[in-house]
Every structure is written in C-alpha cells, then in structure tokens.
Amino acid sequence: MLRQILSITGKPGLFKIVSHGNRSLIVEDITTNNRFPASARDKVVSLGDIAMYTESEDLPLGVILDRLYAHKEGKAIDVKALKDNGGLREEFAAVVPDFDRDRVHDSDIRKLFSWYNLLVAAGFTKFAEDADEEAAEETAEA
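Numbers given for residues are sequential positions, taken from 1 along each chain in its written order. Only residues with pLDDT of at least 70 get local features here, since the model is predicted, and only at 80 or more are side-chain atom pairs given and counted; chain-wide, interface and lining totals rely on the full set of residues. No hydrogens and no water enter the side-chain calculation; it runs on all heavy atoms of the structure.

K.L.:
Before we go on, may I ask you to explain the packing of aromatic side chains in this structure?
P.N.:
Aromatic rings considered in pairs are described by the distance between their centres and by the relative angle of their planes. Working definition: a ring pair exists when centres of Phe, Tyr or Trp rings (six-membered ring for Trp) sit within 6.5 Å. Plane angles under 30 degrees give stacked, over 60 give edge-to-face, the rest tilted. As enumerated under the stated definition, the model contains four aromatic pairs in all. Their ring planes at 70 degrees and their centres at 4.9 Å tell us that phenylalanine 92 and phenylalanine 99 sit as a pair that is edge-to-face. Each member of the pair, phenylalanine 92 as well as phenylalanine 99, carries the same accessibility label: buried. Feature note: the residues Phe92, Phe99 and Phe113 constitute an aromatic cluster, connected by ring pairs. Consider the ring centre and the ring normal. A charge sits over the ring if Lys NZ or Arg CZ is within 6 Å of that centre and within 35 degrees of that normal. When the ring centre of phenylalanine 99 is taken as reference, the NZ or CZ atom of arginine 101 above it lies at 4.3 Å. Exposure classes here rest on a 1.4 Å probe applied to the protein chains alone. A residue is buried below 20% of its type maximum, exposed above 50%, and partly exposed in between.

K.L.:
Hey, could you run me through the pattern of salt bridges in this one?
P.N.:
Any two side chains of opposite charge can pair, on the condition that their charged atoms come close. We count a salt bridge whenever a side-chain nitrogen from Lys or Arg sits within 4 Å of a carboxyl oxygen from Asp or Glu. If you walk through the whole model with that rule in mind, you get eight salt bridges. Where aspartate 49 meets arginine 3, a salt bridge forms, and the shortest distance between an N and an O atom there is 2.4 Å. You can see aspartate 49 sitting in the loop between strand 5 (44–46) and strand 6 (51–52) and its partner arginine 3 sitting in the segment before strand 1 (5–8), a full 46 residues away along the chain. Assessed through its relative accessible area of 55%, aspartate 49 is described here as exposed. The class of arginine 3 is partly exposed, set by a relative accessible area of 38%. In this structure, glutamate 91 and lysine 72 form a salt bridge, with 3.6 Å as the shortest nitrogen-oxygen distance. You can see glutamate 91 sitting in helix 3 (residues 88–95) and its partner lysine 72 sitting in helix 1 (residues 61–72), a full 19 residues away along the chain. Lysine 72 sits in the partly exposed class, given a relative accessible area of 23%. Only DSSP runs of H or I with at least four residues qualify as helices, and only runs of E with at least two residues qualify as strands; both kinds are numbered from the N terminus onward.

K.L.:
Quick question: what am I supposed to make of helix 1 here?
P.N.:
Each α-helix turn comprises 3.6 residues. Residues three or four places apart therefore point the same way. To estimate how far a helix should reach, multiply one less than its number of residues by 1.5 Å. Compared with an ideal rise of 1.5 Å per residue, which puts twelve residues at 16 Å, helix 1 spans 16 Å between its outermost C-alpha atoms and is within 8% of the ideal. Buried within helix 1 are the following residues: Leu61, Gly62, Ile64, Leu65 and Leu68. The buried residues of helix 1 occupy an angular sector of 160 degrees when the element is viewed end-on, so they sit on one face. For helix 1, the secondary structure elements touched by its buried residues are strand 6, strand 7 (59–60), helix 3 and helix 4 (106–121). Once helix 1 finishes, glutamate 73 follows within two positions and takes phi at roughly 55 degrees, a positive value. It is the directions from the helix axis to the C-beta atoms whose arc is reported. Any two residues whose heavy atoms approach within 4.5 Å are treated as being in contact.

K.L.:
Can you help me understand the nonpolar core in this one?
P.N.:
Formed by 30 residues in total, the largest nonpolar core has its most connected members in Leu47, Leu65, Phe92, Leu112, Phe113 and Leu119. It is helix 4 that contributes the most residues to this core, seven residues altogether. Only buried Ala, Val, Leu, Ile, Met, Phe, Trp, Tyr and Cys residues count toward a nonpolar core, and they belong to the same one when joined by side-chain atoms within 4.5 Å. By size, the runner-up hydrophobic cluster in this structure holds six residues, among which are Leu6, Ile8, Phe15 and Ala38.

K.L.:
Quick question: what am I supposed to make of the environment of alanine 81 here?
P.N.:
Take alanine 81: it is sitting in helix 2 (residues 79–84). In this structure alanine 81 comes out as partly exposed when scored by relative accessible area, which is 32%. C-alpha separation for the pair alanine 81 and valine 96, spaced 15 residues apart in sequence, amounts to 20 Å.

K.L.:
It is not clear to me how helix 3 should be interpreted in this structure. Could you clarify?
P.N.:
Those residues of helix 3 that sit buried are Leu88, Glu91, Phe92 and Val95. Looking down the long axis of helix 3, one finds its buried residues gathered within 95 degrees of arc, a one-sided arrangement. Of the surrounding elements, those touching the buried residues of helix 3 are strand 6, helix 1, helix 2 and helix 4.

These figures come from the coordinates and say nothing about function on their own.
As structure tokens, this is what we get:
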C-alpha cells in the first residue's frame, strides 16, 4: 500500500500513483484529489522504500506508522505543539524506543508525524504490508 504513496521533493503533501504517462507518472494529491504529472526531473520517493534508523536495524516506515497509529489510537498528532515544547523526540521514543538518536533528526520526526496526519486524514488505517501481500504484488507485476 505504501509503495503507491509518494513524496515529491518541492511539493507539499503526499501523492498516490494513478497511472504512468509518457516519461512521467500521473499522481493524485491524497487530500485534494488533484491530479498532475510528475516528470522525470522531480525527485519522487515511495513511502514503501523509506526506513528509519534504530540501534538494531533499519525499521520500515510502514511498521513505524502502524505503531504510531496504535499508540495514538488513530488520532492526529499536534506537530506544532510538540515542536514548540520540545516533545518530538519523546513522542517518537514512545513509539520507537530504540531509534538512533544521532542519525534521526527532529526534521525527520516532524516529517513522519506530518505524513502520518495526512495519511490518517485520507482514511488510511493500515500501513505495513504483509509478506503475503508483497508476494502477490510482485507476482502481479511480473
């Protein structure tokens, strides 16, 4: 599921792949449903390809988002209040206690919380893909 959700550098928000165009992707903003082409010049990153550093191993973003959803019981996070009172790291540590405090920056946590809010507002409730779902997608693509 997260493989179809994209972050595009220079454009606020998250986008869903709708189709493939000639040398571009047709994407749709998950909040406004506006469609536009993302060209080959745009830096596009799938959320399914992102992981965050921990002390033991890199943790996929889907797993972190599932933990965050369970921790917050599906409610939005007030990122501005956490940033103002310095609680970003404490809130993130409640979800991922062994995150690498040297390599995970406040801006990474802020971006994660913002993405979480966008995804929850768009109706997403499950983020990590099961191994069976991934195998089915790979078979369908082949």
